[in-house]
Amino acid sequence: MAETDESYAAEIESEIAKLERDAERSQKSGNIEKALRLLERALAFKLEAYGPENPETASAWTSLTNNYNVYAMKHLQDEDFKASHSLLSKAKALLESPANVISDEEKRRLLAITYNNFACYYKKKNMLKSALTHAEAALEIEMASLTADTPSATHLNLCAILSQMGRHKHALEHARSALELLLADRENQVVAAPKELAGDEDEKTSLLAVCYHNMAVEQEYLRMYHPAIESYRQSYEIASRDLGPDHPTTLALQDSGEEAIQKIEELIAKAEAKKANEEGKGKGSPAARKTSGKSKSATKGRR
């Protein structure tokens, strides 16, 4: 009997290993749907063979949730909205399942990522109220979590959503919150936004540089012109330092910043010229000359 049990366990382990190898090959060849199906089967086998308390089962649960998020964002980048929403829904269902085997803290961390990705999905669909609701839900989870790794990215997500809604004052507040978090941890100056959120684990970006850029945009909308110029310059300088002067993100921020600064400086020059013109007219106005005449007359009368 013991030999039969051992033989069955060996068969299960062999099947799991084969499923995971096949899933890896499918991922490398770009057959994402097949890869996810194989990973789903591997998780089911681990639940049966190892039970819900086994670390291998929890690891497979987390890995599948991560993969749902990663490929949902890849589909979103390709504007395959149906596939993106389907995978995000699967991630959410897996995390909210009564059979969930991961820790509560890990569940909160992954839920925050999933809600953030839902926010990205709805933002791209221009369903801004839904985007805002999901981003706020993600931030609420993160603020109560000990292991959340994306609060600054969530603040930037909220900044972008609120900016699209025309709520620039609140958008700027979230950009400043993100800046405060990023500056508090200098080790996070050069990070990839979590790969589940970014959708591409190989694409590095400087969140600090993006943060300064987003803050500059909101400052420009609010006519805070001089702070906006400084923020645009900071954005480029940080990206150049963190990513290198020839990195695509650095070049994009440089082009965008230079264009914005030129526009802002033109607006400042026009405003100053208008102010000077109005002050000049005020000094030469009939009212000003009349007041001046009265003053002389009154002085003469007192002599």
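About the criteria used
- Residues numbered from 1 in each chain as written.
- Predicted model: local features only at pLDDT ≥ 70, side-chain atom pairs only at ≥ 80, totals over all residues.
- Heavy atoms only, no water.
- Helix = DSSP H or I, 4+ residues; strand = E, 2+ residues; numbered from the N terminus.
- Buried < 20%, exposed > 50% of the residue type's maximum accessible area, 1.4 Å probe, protein only.
- pLDDT = per-residue confidence, 0-100.
- Contact = heavy atoms within 4.5 Å.
- Core = buried A, V, L, I, M, F, W, Y, C linked by side-chain atoms within 4.5 Å.
- Phe/Tyr/Trp six-rings, centres within 6.5 Å; stacked < 30°, edge-to-face > 60°.
- Polar contact = N/O pair within 3.5 Å; in protein donor to acceptor, adjacent residues only side chain to side chain.
- Patch = residues over 30% accessible without salt bridge, like charges linked within 9 Å, V, L, I, M, F, W, Y side chains within 5 Å.
- Areas by Shrake-Rupley, 256 points an atom, 1.4 Å probe, with all protein chains shown as cover.
- Salt bridge = Lys/Arg side-chain N within 4 Å of Asp/Glu carboxyl O.
- Lys, Arg positive; Asp, Glu negative; His and termini not counted.
- Charge placed at Lys NZ, Arg CZ, Asp CG, Glu CD.

## Here we look at the environment of Ala49
In step 1: Mapped onto the elements, Ala49 comes out in helix H2 (residues 32-50).
In step 2: Given a relative accessible area of 35%, Ala49 falls into the partly exposed group.
In step 3: Taking the C-alpha atoms as reference points, Ala49 and Ile16, separated by 33 residues in sequence, lie 9.7 Å from one another.

## Observations regarding the confidence of the model for the chain
In step 1: Looking at the chain as a whole, the pLDDT averages 85, with 83% of positions reaching at least 70.
In step 2: Under a pLDDT of 50 for its full length, residues 188-203 has, in the predicted model, 38 contacts with residues more than four places off or in other chains.

## With respect to the nonpolar core
In step 1: Counting residues in hydrophobic clusters, the biggest one holds 61 residues, and the most contacted among them are Leu36, Leu64, Tyr68 and Ile102.
In step 2: By residue number, the principal contributor to this core is helix H3 (residues 55-77), which donates 10 residues.
In step 3: Residues Ala228, Ile229, Ala260 and Ile261 belong to the second largest nonpolar core, which totals eight residues.

## With respect to the packing of aromatic side chains
In step 1: Using the criterion set out here, one finds three aromatic pairs in the structure.
In step 2: Between Phe118 and Tyr122, the ring centres sit 6.2 Å apart and the planes meet at 20 degrees, which makes this aromatic pair stacked. Of this pair, Phe118 and Tyr122 both sit in helix H5 (residues 104-124), four residues apart, which is roughly one turn of the helix. Each member of the pair, Phe118 as well as Tyr122, carries the same accessibility label: buried.

## Brief notes about the side chain of Ser231
In step 1: Tracing the chain through its elements places Ser231 in helix H11 (residues 225-243).
In step 2: Judged by its relative accessible area of 5%, Ser231 falls in the buried class.
In step 3: Reaching out from Ser231, the side chain makes a polar contact with the side chain of Gln219 at a distance of 2.8 Å.
In step 4: Once you skip the residues sitting within four places of it in the chain, Ser231 turns out to touch Tyr212, Met215, Ala216 and Gln219.

## Structural notes on a negative patch on the surface
In step 1: Residues Glu33, Asp78, Glu79 and Asp80 make up a contiguous surface patch of negative charge.
In step 2: With respect to the helices and strands, Glu79 occurs in the loop between H3 and helix H4 (81-96).
In step 3: Residue Glu79 is classed as exposed on the basis of its relative accessible area, which comes to 52%.

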